[in-house]
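# Geometric and topological summary
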Amino acid sequence: MSFKSSTSQRLGNIQNVKPESSGVSAETDSGCLKITVYSQSIFRIAATRDKSFEDFSYSVIANSENQKIDSVDSGDLISIKTGSLQLIVDKKPARLSFQTLDGKIINEDDVLGISWIGEQVTNYKKLQEGERFIGLGEKTGNLDRRGTAYQNWNTDAYAYHAGTDPLYSSIPFYIGIHNNLCYGIFFDNTHKTFFNFGASNNRFASFASDAGELNYYFIYGHSVAEIIQQYTWLTGRMELPPRWSIGYQQCRYSYYPDKEVVSVARTFREKEIPADAIVLDIHYMDKYKIFSWDKKNFSDPKGMIDTLKQYGFHIVIMCDPGIKVEKGYEPYEDGVSKNVFLKYPDGENYTGQVWPGWCHFPDFTKPDTRAWWAEKFKDYVALGVEGFWNDMNEIATWGNSLPENIEFNFEGNKTTTRRGRNVFGFQMARSTYEGTKKLMNGKRPFNLTRSGFAGIQRYSAIWTGDNVSYDEHMMLGIRLVNSLGLSGAAFAGYDAGGFVGEANPKLFARWISIAALSPFFRAHTMINSRDNEPWSYGEEVENISRNYIRLRYQLMPYLYSLFYEASQSGMPIQRSLAIEYSHHPKVYDGQYQHQYLFGPNIVVAPVESFKELTKVFLPAGEWYYLYTGKVYSGAQEIMIECPIHKLPVFVKAGTVLPMQRPVMNTSEKTEELILHIYDGKQSSDFVYYTDDGETFQYQKGEYSKHKIEYRGNEQKLIFGKNEGLLKPSYSKMRFVFHGLSANEININGQRKPLAQSVHSYFLPLEKFDPINEPDSMGEETVKSVETDYPSGQLEVSW
């Protein structure tokens, strides 16, 4: 079949094939093709019209290993087979078909294959029957991307709406699902890229780039979870954040003067609402200039920080990249002398306008600049600052139209905005993290960014930017975090209550209840808006907020273990149901696409603040309603009441949740680990993990880790022996059984009677009528027993 066009050029026929150590390379009519086997499940595909391939990536940190492959050139076809899949390459014209070992099509090129229109390069893929597409990072729209199109071009998207694209971050990685198969494609190109999932056509899906190589990684797995693990093996996983950073953080634009900051902290403690951090927006600076303090409103920052630490609070500070052009301003003078700023082609430093006025911007793609930026945090760290918030790093400037001729160093391979823009925020976050980590002498910094690219999880948490205070936006934020989790960014979240506008009391209460069961938990609001602390919306909302924030802190042993899992496997904390139940159509239904698993076995069903009744889809199994312990059968839709104080939350039967008593901050010690056991026939495993929560000593084995095995059919629980060097801090262990009919248990062969009691995770809501509604939060009857914390393996049976 011939393909002639004056505007489009295909890769063409394969002419010469050369075997490589882990794949093949080939010349074609129009360029070159290279196939590299990265692992038994990952193939790298590169195509170019140049004579050589570029081998550089900010995102990929894994190395191609010498894989055992079976490669056969049979004339018209090339076959490359690993232990997991096979790639069939048609030579005339060049087209790729990824298949299972028994010949099922996983993903295949359309006849258009790899094509160029000018500099733009596109790979066209056949749409498979019933194919769904999920992921692609911070993207609006539905969970299933089928029928839509997106572009990646990091943008300051203030007050974005439910259909805005692009947003702040770009992660060009998606997962395809069809016919009980799934795969991932990571398009490693930092230019502006375009993804079409069957939008405006019924023939193909495609991914394209404005310029550069077509360079993608094809990932095959037996499950979506396996694909996420493979992708994060390729692009890296996060180091554990400090434990305090996964507590509640209170923010507004802006808290000042310092007396107000301390007052907010004091009020949290007086009202017994748990919290770990207060976040300072740009007003802590001297006229919005980074690396400075407003001497009038923050005359003694160290004194303020020391006082906050006495209350159990950490401080997080805003870090904007713009360096004001001002004589006598040390970062400006030093930056000019050390040649660290982005430049025009004629060598003049680029100048853009942002909060401080006209600014230069560090070129974070230059190693010397990253070292310069890192050193500037010395004074912050000396004051006791341990949290850093990278903002405005898309790059955001007034006018929102960054010139495309700005030059980026790009590790010595000079390029322009066209290639550098999407990684500016990524490399700024990297610079901040690497610099503060080095300065903090073994302590973990908390690092947060608005803008990022694939691999951002190695350096930073990510939040979804300037959201808006209305219900649709609350639900959108949940989808964004679900999608970020599908794309390797496990530590992600949104501004609870909304940044732009003002939440009404019901909306704030609902948003806090959902955010309490998300990875990153922060309330934030705009300047000149109403106060947004939990007590600012009246007694009822204060009590509801307190209850859900307390629940998060009770769940901290469970939640911190999920962060450990993310650091090891890349699995998100907030998990779209598409991870575990990928092929169930209800997961993609608009009614249920917001639902997610918080860890492996807690289903959260977000619902708008104005609803009192909602439908919930419960996956297969049996599920305990969190508030009363009522058991529902799964694989069905149910109707359930959802008054503002009751977010629909369910725990899967056969689950063991490691928990603790409520605390006011994450540094508060408790003596007792509480295992909540939800009786059921299904078995489950969970790794309970802890460490000192603040240093990197865990990387040297100083942690405590126990495997918890629940064996439903055997009516047995095994709490494994400690695998780490750290001695557990608990002296006691309590077992709390939900739904158990037995009245006694065996603990390592010794009979123990169970005490029956009325249980609730929540405090009573005093505003509710104690006569007509005495059970406002719900309660259930449980059975429990306490024992000493085990020095070895502990076995419980009933």
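What counts, and where the lines are drawn
- Counting restarts for each chain, with residues numbered from 1 along the sequence as it is written.
- Per-residue local features are limited, in this predicted model, to residues with pLDDT of at least 70; the limit for side-chain atom pairs, both in listing and counting, is 80 or more; totals at the level of whole chains, interfaces and linings are taken over all residues.
- Excluded from the side-chain calculations are hydrogens and water; all other atoms, namely the structure's heavy atoms, are used.
- Under the scheme used here, helices are H or I runs from DSSP no shorter than 4 residues and strands are E runs no shorter than 2 residues, and both carry numbers assigned from the N terminus.
- Atoms counted for the radius of gyration: C-alpha only. Globule rule: 2.2 Å times the number of residues to the power 0.38.
- Buried means the residue's accessible area, taken with a 1.4 Å probe over protein chains only, is under 20% of the maximum for its type, while exposed means over 50%, and partly exposed covers the values in between.
- A contact between two residues is defined here by any heavy atoms of the two lying within 4.5 Å.
- Per-residue and other accessible areas follow the Shrake-Rupley method at a 1.4 Å probe size, with only the shown protein chains counted as cover for residues.
- At least two bridges found by DSSP between two strands are what make those strands a pair.
- For helices, the fitted line uses only the C-alpha atoms of the stretch in contact; every axis is such a line through C-alpha atoms, and the angle between N-to-C directions lies from 0 to 180 degrees.
- His is not counted here, nor are the chain ends, while Lys and Arg score as positive and Asp and Glu score as negative.
- Here a salt bridge means any side-chain nitrogen of Lys or Arg lying within 4 Å of a carboxyl oxygen belonging to Asp or Glu.
- Polar contacts, as counted here, are pairs of nitrogen or oxygen atoms within 3.5 Å of one another; within protein the pair requires one atom able to donate a hydrogen and one able to accept it, and residues that are adjacent in sequence qualify only if both atoms are side-chain atoms.
- Throughout this description, any angle smaller than 35 degrees is read as roughly parallel, any larger than 145 degrees as roughly antiparallel, any in the 65 to 115 degree range as roughly perpendicular, and the remainder as oblique.
- Under the grouping applied here, Gly and all other residues not named as nonpolar or charged are polar, the nonpolar ones being Ala, Val, Leu, Ile, Met, Phe, Trp, Tyr, Cys and Pro and the charged ones Asp, Glu, Lys and Arg.
- Definition of nonpolar core: a set of buried residues of the types Ala, Val, Leu, Ile, Met, Phe, Trp, Tyr and Cys, connected through side-chain atoms within 4.5 Å.

Along the protein, the regular secondary structure elements total 12 helices and 50 strands. Rg of the C-alpha trace for the protein: 27 Å, near the compact-globule value of 28 Å for 798 residues, within the 12% margin. Across the 798 residues that make up the protein, the buried fraction comes to 66%. Sequence-distant contacts, at least 24 apart, represent 69% of the contacts inside the protein between residues at least 6 apart. In the structure as shown, the protein presents an accessible area of about 28,600 Å², 45% of it carried by carbon and sulfur atoms.

On to the sheet that holds strand 19 (residues 249–252). Judged by pairing direction, the barrel is parallel, and its 8 strands sit side by side in the order 19-20-21-25-28-29-30-31 before closing back on the first. For this sheet the average axis-to-axis angle between neighbouring strands, irrespective of direction, equals 25°. Two strands pair when backbone bridges link them, and strand 19 and strand 20 (residues 277–280) are joined in this way by 4 bridges, in the parallel orientation. When the bridges of strand 20 are listed, Q250 appears paired with I278.

Bringing the side chain of E780 into the picture now. With respect to the helices and strands, E780 occurs in strand 49 (residues 780–788). Of the side chains with opposite charge, K783 lies nearest to the buried E780, which makes no salt bridge, at 11 Å. Looking at E780, its side chain comes within polar contact range of the side chain of H738, at 2.8 Å. Once residues within four sequence positions are removed from consideration, E780 is found in contact with L626, Y627, T628, G629, H738, S757, V758 and H759.

The N-to-C vectors of helix 2 (residues 258–270) and helix 3 (residues 301–310) enclose an angle of 5°; their axes lie 10 Å apart at closest approach. Relative to helix 3, the element helix 2 lies roughly parallel. The residues of helix 3 that touch helix 2, namely those facing D258, V261, V262 and A265, are M304, T307 and L308. Classifying every residue of the contact of helix 2 with helix 3 gives 5 nonpolar, 1 polar and 1 charged.

For the rest of this paragraph, the subject is the sheet that holds strand 24 (residues 357–360). Two pairing modes exist for strands in a sheet, parallel and antiparallel, and in both the strands are linked by backbone hydrogen bonds. Pairing is antiparallel across the open sheet formed by 3 strands, whose spatial order is 22-24-23. One side of each edge strand has no neighbouring strand; the edge strands of this open sheet are strand 22 (323–324) and strand 23 (352–354). Here strand 22 runs beside strand 24; their pairing, made up of 2 bridges, is antiparallel. Looking at the pairing, K324 lines up with C359 of strand 24.

Here we come to the pairing of strand 25 (residues 387–390). In strand 25, alternate side chains face the same way, and those of G387 and W389 on one face and F388 and N390 on the other are all buried. Relative to strand 25, strand 21 (residues 314–319) runs parallel, the two sharing 4 bridges. Residue V316 lies in a different strand from strand 25, and its bridge partner there is G387. Looking at chain direction, strand 25 and strand 28 (residues 446–449) are connected through 4 bridges and run parallel. The residue of strand 28 that forms the bridge with G387 is F446.

Another aspect to go through is the pattern of salt bridges. Tallying each qualifying case throughout the model produces 46 salt bridges. Where E668 meets R661, a salt bridge forms, and the shortest distance between an N and an O atom there is 3.2 Å. Residues participating in the shared-partner salt-bridge network are D156, D391, E394, R450 and D466.

So, on to the nonpolar core. Counting residues in hydrophobic clusters, the biggest one holds 193 residues, and the most contacted among them are L280, Y284, I290, M304, Y380 and F650. Sort the elements by how many residues they give to this core and helix 11 (residues 556–569) lands first, with 8 residues. Apart from the residues within four sequence positions on either side, F650 is in contact with N601, I602, V603, V616, L618, W623, Y624, Y625, Y632, I638 and I640. Counting residues in each nonpolar core, the second largest holds 39 residues, with I35, L96, L214 and Y220 among its members.

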